[in-house]
Amino acid sequence: MNQPWVGRRLPRVNDDAPLHGAGCYVDDVDPPGTWHAAIIRSPVAHGLLRGFDASAVPDGVVVLGPHELRRAAPGELPVLWILGNQRQRTTPLVDEHLRAVGQPIGIVIAASRYAAEDAAEAVVADIDELDAVTTMDAALAPGASLLYPELGTNVLCDFDAGDDAGHTDAVFAAADRTLSTTVHVGRVHGLPIEPRGIVAVPSRDGSLTVTTSTQTAHAVRDVLCAVLGMRRSQIRVVAPDVGGGFGLKDHLYEDEIMVAIAALHLKRPVKWIEDRHESFLATTHARDETHDVEVAFDDDGTLLGLRVGARRNAGARFAIFGGGPLFTAFGVLPGPYRWKAVTCRGALVATNTMSTGAYRGFGQTQAALVRERVVDLVAAHLGRDPVDLRTQNMIGPDELPYRTRTFLEYDSGDYPRALRRAAELIAASVPPDDGRVRGVGYCSYVQMSGIGPSDDNELIGLEIGGFESADIVMEPDATVRVATGVSPHGQGLETTMAQLVADRLGIGPDQVELVWGDTDHTPYSAYGTAASRSMAVGGGAAVLAAGKLATKLASIAAEMLEASPADIVLDDGLATVAGTTVSIPIAAVAHRAWQGFRLPDRMEPGLRAVHTYDPTSATFSYATHACRVAVDVATGAVEVEDYVVVNDCGTIVNPMIVEGQIHGAVAQGLGAALLEEIVYDDHGQPQSSTMLDYHVPVTSSLPDLTIEHLMHPSPHTPGGMKGMGEGGTNGAFAAVVNAIVAALPGADWSQLRTPLVPSRVWEHIVAGRAHRAEPASDEA
């Protein structure tokens, strides 16, 4: 047999078009007669809308205010993750109670974008401004202004996870030592290169076609139907080329629904393209969490217990997955270590800021930082090498599968081996002696990916299924179309899905076409592409469907070659009788199938296979990241000099694409650790609303990466794949922070706050000096 296509470093087949400016993005879609929309947004962080006056808008421009929009939208936007004591389960399309700068309150439609935006400035909103609360501390203070007075609190949800508090208290009481620390995780923005956008085209029969930059076409249709009261058959959603998502495009937003309403109202196409300023204002942010952490351990370094109280700034209202990111952080908090107890208490706090939602990592990035900071804290306290302490407490390969204190069952791998190899690689380089101080930081993590099965989603309050489907057709010329519900926006699925299917059908990947992003032509997917599910679940469905098709091909070929189906080998475009040179082109077999001539056992003509795969378990990829940083103690400036990753994502379909995902994710993790932060002033006005004041990594600020792979296939996924798209972010965030702390052991890190921009690093250094200079207090 020829070398399998899975495992080869094939170039991505879809790169040529975008690199040459030939892609088709939402803004390239311009149906005849299209009008353009501008969104009217709240200029204040907190207030009551008393009036909406569009009388000064020029003729030929249409304005839909809160009353018109509400009449057109009988339903509300769902919150799909219900946790613990949750006080918000849906959110309205429009609301006269304004809770954040940028909240959409109306829409203007005109013949050009210029005219629409100009007219929007003529609309006068009469607002009674209220006191704003922009931080969790302010929102929880006695007498704080309430965003939802009917709730009597600014806490939208609170819940527990892990062990019973009594059990954990007993573990802590029996421990030799305990330590505590606080980690503040800054608010960030995912910043896809293409902002959001939508084109809504109504038909004469009242149906609607929506083209939008989304990760999940079917979920967009679901929400449109729920809010507008339309049937699924009346709405078609198309995702063209999508310029990045990172979780920000995993749901439909209020302003996008307003565009659909405008199109139905005007009976003509309406288009809206978000600009970068709007993206900072009104596309979900992420993180903004405070974790108070306690760790229990013995004198010999054995880790015993974790106790975490965490708060997450939910913003003005829940995003579609509510408290899901914080719940997920708690779930993966144990990481690759043994613990006797883990207890978590979480709260989601409403503030007058933009909602926080999904972003690459979905809580797992924060969990890695919290846990790995604690492990380093214990190592420093005991005077132990952090690699040695990690190795002592790591779950070994012979202990897998392993059930954690948060009820996850890890599948396969060798966590200590990844750590050892990363330590070897980072130690191999010798830094220069240039007067800066240096430190090495580590992050070992286990990533939950390929979320499922559906029944488990129901148990944890997630109100969507975890299955994916594949619909595969082989044409008479042996070319293949694979329709999938997952939706690529940079992952290279057009290449990797083709590799999976080609191996099972005995053809080349160039004969396989992926069909995606169209609710009329793809199987239903509640998730689309999110949670590192594309290969583990979408790919699993494709493997099983292709297997069904291969079985049918072999049966027909056996009839044609007068052999047993069990002896037919599909490879290199041929159906061959095993151990012989007797063969027939697979295209000839496909042609026979579509003729329907002399098919075995009254087989149904044609070549089509459909499979819906509901996974029996999530998958658990893992890695260790290690990096060296250099810090200028006079300024706090940090340079990441060297970076290594040892990664295991099960079966590697395409190493080049996996490494590309790691490179991009490491850049995002590094950005969150060192540069990126969304800031509001005390009045709720955003101070980070342009690229001039929101800084992201550039090529010159990124180190060269050394990447090595381990491979322990998933025992659950057909094909053995595990999800990995988010893992690089999880590891980089914590590794970089830990490296800075290691470089500056004399600084005060008791209230660590990311990002560690130079001024903040310098403040930690100064605080450490002041702390050491304080006289010891007298003991009573």
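Our subject is the structure that appears above.
These remarks concern the structure in this document. Please read all numbers here as calculations on a predicted model, not as lab measurements.

## Focus on the overall build of the chain
Part 1 of the reasoning: For the chain, the helix and strand inventory stands at 19 helices and 32 strands.
Part 2 of the reasoning: A compact globule built from 780 residues would reach a C-alpha radius of gyration of about 28 Å, and the chain, at 28 Å, matches this within 12%.
Part 3 of the reasoning: Residues classed as buried in the chain amount to 61% of the 780 residues present.
Part 4 of the reasoning: Considering only intrachain contacts with a sequence separation of at least 6, the fraction spanning at least 24 residues in the chain is 80%.
Part 5 of the reasoning: Total accessible area computed for the chain in this model is approximately 29400 Å², and 52% of it derives from carbon and sulfur atoms.
Part 6 of the reasoning: Across the chain, the centroid of the 59 positively charged side chains sits 3 Å from that of the 97 negatively charged ones.

## Things to note about the sheet that holds strand 25 (residues 568-571)
Part 1 of the reasoning: Read from one edge of the open sheet, three strands run 25-26-27, paired in antiparallel fashion. This sheet does not close on itself; its edge strands, each paired only once, are strand 25 and strand 27 (583-585). Looking at each pair of strands side by side, their axes are set apart by 20° on average, direction ignored.
Part 2 of the reasoning: Relative to strand 25, helix 15 (residues 534-561) is tilted by about 120°, and along the sheet it contacts strand 25, strand 26 (574-577) and strand 27.

## Digging into the pattern of salt bridges
Part 1 of the reasoning: Counted under the stated rule, the structure contains 45 salt bridges.
Part 2 of the reasoning: Among the ionic pairs, R196 bridges to E256, the shortest N-O distance being 3.4 Å. In this pair, R196 sits in the loop between strand 11 (177-189) and strand 12 (197-202) while E256 sits in helix 7 (residues 254-266), placing the two residues 60 residues apart along the sequence. Both residues of the pair, R196 and E256, count as buried.
Part 3 of the reasoning: One salt-bridge network, in which partners are shared between bridges, spans R41, R196, D255, E256, E274 and E278.

## Comments concerning the packing of helix 17 (residues 655-674) against helix 18 (residues 727-743)
Part 1 of the reasoning: The contact between helix 17 and helix 18 brings their axes to 7 Å, and the two run at 40°. Overall, the two elements helix 17 and helix 18 adopt an arrangement that is oblique. Relative to helix 18, helix 17 is oriented so that their crossing is right-handed. Contacts from A665, V666, Q668, G669, L670, A672, A673 and L674 in helix 17 reach G728, T729, A732, F733, V736, V737 and I740 in helix 18.
Part 2 of the reasoning: Among the residues making up the contact of helix 17 with helix 18, the classes are represented as 11 nonpolar, four polar and no charged.

## A short note on a negative patch on the surface
Part 1 of the reasoning: A cluster of like negative charges, contributed by D455, D456, E458 and D614, occupies part of the molecular surface.
Part 2 of the reasoning: Structurally, D456 can be placed in helix 13 (residues 454-459).
Part 3 of the reasoning: D456 sits in the partly exposed class, given a relative accessible area of 35%.

## Some words on the packing of helix 10 (residues 364-382) against helix 18
Part 1 of the reasoning: Two elements in contact, helix 10 and helix 18, have axes separated by 8 Å at closest approach and are oriented at 30°. Seen along the crossing, helix 10 lies across helix 18 with a hand that is right-handed. Counted together, Q364, T365, A368, L369, E372, R373 and D376 of helix 10 and T729, N730, F733, A734, V737, N738 and V741 of helix 18 form the full contact between these two elements.
Part 2 of the reasoning: The residue makeup of the contact of helix 10 with helix 18, split by class, is six nonpolar, five polar and three charged.

Rules and cut-offs
Residues numbered from 1 in each chain as written. Predicted model: local features only at pLDDT ≥ 70, side-chain atom pairs only at ≥ 80, totals over all residues. Heavy atoms only, no water. Helix = DSSP H or I, 4+ residues; strand = E, 2+ residues; numbered from the N terminus. Rg over C-alpha atoms; globule rule 2.2 N^0.38 Å. Buried < 20%, exposed > 50% of the residue type's maximum accessible area, 1.4 Å probe, protein only. Contact = heavy atoms within 4.5 Å. Areas by Shrake-Rupley, 256 points an atom, 1.4 Å probe, with all protein chains shown as cover. Lys, Arg positive; Asp, Glu negative; His and termini not counted. Charge placed at Lys NZ, Arg CZ, Asp CG, Glu CD. Pairing = 2+ DSSP bridges. Axes fitted to C-alpha atoms, helices over the stretch in contact; angles between N-to-C directions. Salt bridge = Lys/Arg side-chain N within 4 Å of Asp/Glu carboxyl O. Parallel < 35°, antiparallel > 145°, perpendicular 65-115°, else oblique. Left-handed = near helix turned anticlockwise from the far one by under 90°. Nonpolar A, V, L, I, M, F, W, Y, C, P; charged D, E, K, R; others polar. Patch = residues over 30% accessible without salt bridge, like charges linked within 9 Å, V, L, I, M, F, W, Y side chains within 5 Å.

That is the geometry; function is a separate question.
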